[in-house]
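The chain contents come next:
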Amino acid sequence: MKERILDYLKKEHEYLSGDEIAARLGISRQGLWKHIQDLKDLGYDIVAVPHLGYRLESSPDRLFALEIAHGLNTKFIAKKIHYFDYLASTMDLAMQLGIQAASHGTLVLAESQTKGRGRLGRSWFSPKYKGIYLSLILRPNISPSDSPMLTLLSAVSICETIKNTVGLDAQIKWPNDVLICNKKISGILTEMNAEVDKVNFVVIGIGLNVNNDKKSLIAQATSLKEQAGQPISRILLLQELLRRIENNYSLLEDKGAQAIIDKWRNFSLTLGRRVKVYYQDKHIEGQAVDIDKDGGLLIRKDSGLMQKVFSGDTMHCR
Ligand code: BTN
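Residues numbered from 1 in each chain as written. Predicted model: local features only at pLDDT ≥ 70, side-chain atom pairs only at ≥ 80, totals over all residues. Heavy atoms only, no water.

> Pulling in residues and values, what's your account of helix α8 (residues 234–255)?
In this model α8 runs 31 Å from its N-terminal to its C-terminal C-alpha over 22 residues, within 8% of the 32 Å that 1.5 Å per residue would give. At the exit of α8 stands Gly256, carrying a positive phi of roughly 90 degrees. (Helix = DSSP H or I, 4+ residues; strand = E, 2+ residues; numbered from the N terminus. Expected span 1.5 Å × (residues − 1).)

And the structure:
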């Protein structure tokens, strides 16, 4: 009901009579008043003037499910949203929900995380109301070895979203760091529940630095606010990201991995460069030549030998 009340208030910039809203929604004036109080408690600035009605002055910068769902128009992504002021990690909850049969596309969102985690045992700094911290539960009909494609797809979706909403060029450092001006702005963590030849579900975790101030970030990291020189609406950004993920997921289903890899190449910062990739206590150095259809990075060593790596930590040498 609160979504529908907000819909009315957002469409109309003038005062809307309480009688009219209540009648259209089939609720009592008293019921409407109660919902308006709840919305005010959430931070919506709604002015009530006798004989004129209600007017929405401003909305809070919160990723409430009702804000994200408003005008999202996706088919399966984020049809179900779990929103929290804080969580230890959205990954933990999403993995639990996956086991409990949460539907394909279920979204877990937190305004902050106390134990946000990154790849290779690292942590993800998740200050409150500054970034986007999400986990998405997907149930693709693929084998476990194809799951890296979902990470590539997510990285592409993040770059497209940044370009489309903020107008900035972001690039991907293989396998899944998104950078602007060589500084990390977003990271992706993919976890999976699978059997030998069948994926039960995948959880894609995305952390994106949005309105972090420069002084709160380490030297190798940046935020959209720092890069754009102004605060960015997390709501519009997140909505666009969810739409992009859905479109690219459908592209993967319809056209196959090659379509995603082609897009990925356009955003790649790694291909064509000399790299050192650290993996399983080893490292390999050489020229990053291409990305394979399974998401692996093809490296030409100085000996001329080609080698493929599937995951690791990449350093761009020059
Ligand atoms: C990385 O770059 O190492 C991956 C970072 C992934 C961070 C996100 S934030 C939302 C989700 N919950 C987590 O605990 N981690 C991921």
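Having seen the structure, we can now continue with the description.
> Outline the layout of surface pockets, supporting the account with residue identities and numerical values.
One number sums up the size of the largest pocket: a volume of about 680 Å³. Lining the largest pocket are 34 residues, and of these Ser123, Trp124, Phe125, Lys184 and Gly187 lie nearest its centre. When residues of the lining of the largest pocket are traced back to their parent elements, those giving at least two are α5 (90–99), β5 (131–138), β7 (177–180), β8 (183–195), β9 (198–209) and β14 (313–316). Counted by class, the lining of the largest pocket contains twelve nonpolar, 15 polar and seven charged residues. Taken as a whole, the second largest pocket spans an internal volume of roughly 280 Å³. (1 Å grid on protein atoms, 1.4 Å probe; cavity = no way out; pocket = protein on both sides within 12 Å on 5 of 7 lines; lining within 4 Å. Points joined across faces, edges and corners; volume = space filled by probe spheres on them. Nonpolar A, V, L, I, M, F, W, Y, C, P; charged D, E, K, R; others polar.)

> I'd like to hear about the site of the ligand, residue by residue, with values.
In the neighbourhood of the ligand, 20 residues make up the surrounding shell, with Ser89, Gln113, Arg117, Arg119 and Lys184 lying closest. At a separation of 2.7 Å, a nitrogen atom of the ligand approaches a polar backbone atom of Arg117. Contact between the ligand and Lys184: an oxygen atom at 2.6 Å from a side-chain N or O atom of the residue. Judged by the fraction of its atoms near the pocket grid, the ligand is located in the largest pocket. Elements with a contribution of two residues or more to the shell around the ligand: α5, β5, β8 and β9. In the shell around the ligand, the residues fall into seven nonpolar, nine polar and four charged. (Near = heavy atom within 4 Å. Polar contact = N/O pair within 3.5 Å; in protein donor to acceptor, adjacent residues only side chain to side chain. Sits in = over half its atoms within 2 Å of the grid points.)

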